[in-house]
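One-letter residues, chain by chain:
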Amino acid sequence: MAISKWLSLLALAPVLSLAADTAAPPALADFVAHCDAQGRTVWKVSLCAPVVVVAQDGTVQWTSTTPPSAPLPSTRANTSVDWGGSKWVMLLAPLPTSDAELRRLVYHESFHVHQGALGLPDNMAVAAHLESQQARVSIRLEWSELEQALASTGDARKRAIERALAYRAQRLTDATARSDERAQMRHEGLAEYTGTVLSGDAAALAIDSLKHANERPSFARSFAYVSGPAWGLLLDALVPDWKAQLAAKPDADLPDLMPLKPATLPRVLIRGAIEREEASRAYRRKQLVDDATQRTSEANGLHLPLAKIQLDFDPNRVVPMPDGSQVYDKITLTSDWGTIAVDGAPLRIVKEWNAAYVPWPLPGEMTLKLADGWSAQRGADGRMIVGKKESP
C-alpha cells in the first residue's frame, strides 16, 4: 500500500490571501532569492524548490516559476508534492501575514523536499506514550526548562538543559517511546528547526512555541514541532558540528548529542499546576477514547477500505488508541472510492492502515463524496461498508 502523508501545520498567526495577479509576499520573494545560500548555511545543500500557493478550492494563487502543464495534485495543504515531474512546495492560502512565520513555513516544507538527499527519510511515527498523563507532565516540564535555557546563557543555560535532559530521561525508559520520539524529531523536528532558524526571528519563535505548547490538544503527532527548534538552537550554541554527528548516528535524537548529563531530580515529578491540568485532561481523554471507540467500531461505523490513499491532517488533532489505531478529528482522506473531509468528529484508521471507520450515519462534521460506481452499502453481515455498486 502506498501512503502519501500531507501535514497541515496549525496556524495561530494572522493570515493573508493572494490575488492571482499579485506579486509574492516579501518572505516568499526572499526565499526564492536566497534559498540556495540559506540552505547551504544550515545543511550545506540548497533548499530551493518551486513554490505554489493554492486555495482550499484548488485555485492556484501564485507560483514561483512557470507551472507545468500537468494537473495540480489534489492535495490542499502545507506540504511537498510531485507536480509535473518535480518536487514542489505547496502552501495553503491564506498565508501567515508575519514575514518570520511565512519564512518558517516555506523553509519547513522545503526541508521536506530535500530531506531524503540528506539521509533523513520521512516517516509516520506516532509517539503514543505522549498521550499518558505522566509523559505529558514530563515533556511539559522539559519544555519549561528549554524555554529557560533559550532565554539564558552560560551556566544558567547549562543547568536548564541538564534539568530538561533529566525530565526527558524519566519519560523515555521504554525503547519504543525512545524510537518514536527520535523518528519524529528527525523528521518534523528537523523541518521545524530549519524553518525556525531561517525565519529571521528564531529565538523568539522557538520560545513562543514552547510557551504555547500545552495548547496543542495532542502531543503524540505534534510534539516535535515544539522540541525540534528548541533542541536544535541550543545545539547550535553548544555543539556547532551537531548535524554531522546526527548524520553519522542514525540512532541518535537531538538531545542525545548534548555534551551534558541529566541533572539529579527527585524520584517523583514536581507537583503543581501542570499535574493538575494533566489529571483533568486524562479524564477528558478517557471520555473521548470511549466515545470514539463506540462510534467507530466495526459494528457501528462505516468501513472505508484503504489502498492507495492521500492524507491531509492536523498533527495536533491525532489521538492514538489503546489498540494501536489512530483517531483523526481534522483530516481529508482520499482513496479510489472518493474523498471524506472531517472537522470535529472521529475518523479511526486501524493499526494495519488497511481500513478506516467513521460514525454511521455520518455526522454533520463529515462530508463524504463518493466516486462514480461506489456507494455506502450494507454488507452480508449487516455492517456498513463503502464498496463498488453491484451491477443490476
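Structure first, text after, so check above.
Quick caveat: nothing in here was measured; it's all calculated off a predicted structure.

> Help me understand the sheet that holds strand E3 (residues 51-54) in this model?
Whether parallel or antiparallel, the strands of a sheet pair through hydrogen bonds between backbone atoms. Strands sit in the order E4-E3-E6-E5 across an open sheet of 4 strands; the sheet is mixed. What marks the edges here is a single partner per strand, and that holds for strand E4 (60-63) and strand E5 (79-83). The sheet shows a mean angle of 35 degrees between the axes of neighbouring strands, taken without regard to direction. Pairing of E3 with strand E6 (residues 86-92), which is carried by 4 bridges, proceeds in the parallel orientation. Residue pairing in the sheet places valine 54 in a bridge with leucine 92 of E6. In the packing of helix H2 (residues 99-114) onto the sheet, contacts are made with E3, E5 and E6, and the angle to E6 comes to roughly 150 degrees.

> Looking at this structure, I do not really get helix H1 (residues 26-43). What am I missing?
Side chains of residues three or four places apart in an α-helix project in the same direction, reflecting 3.6 residues per turn. Where H1 bends most, at histidine 34, the angle is about 70 degrees. For H1, the full list of buried residues reads Ala27, Leu28, Phe31, Cys35, Gly39, Val42 and Trp43. Where H1 terminates, the next one or two residues include lysine 44, which has phi positive at roughly 65 degrees.

> Got a minute to help me understand the nonpolar core in this structure?
It is characteristic of soluble globular proteins that their nonpolar side chains tend to be buried jointly. Membership of the largest hydrophobic core comes to 63 residues, with the highest contact counts inside it found for Leu28, Trp43, Leu91, Trp143, Phe223, Trp231 and Trp242. For this core, the element with the most residues is helix H7 (residues 224-238), which contributes 7 residues. When neighbours within four sequence positions are excluded, tryptophan 242 is seen to be in contact with Leu190, Tyr193, Gly232, Leu235, Asp236, Leu254 and Leu257.

The rules behind the values
Residues numbered from 1 in each chain as written. Predicted model: local features only at pLDDT ≥ 70, side-chain atom pairs only at ≥ 80, totals over all residues. Heavy atoms only, no water. Pairing = 2+ DSSP bridges. Helix = DSSP H or I, 4+ residues; strand = E, 2+ residues; numbered from the N terminus. Axes fitted to C-alpha atoms, helices over the stretch in contact; angles between N-to-C directions. Contact = heavy atoms within 4.5 Å. Bend = angle between axes of the 7 residues up to and from the residue. Buried < 20%, exposed > 50% of the residue type's maximum accessible area, 1.4 Å probe, protein only. Core = buried A, V, L, I, M, F, W, Y, C linked by side-chain atoms within 4.5 Å.

By themselves, these observations are geometric and do not establish any function.
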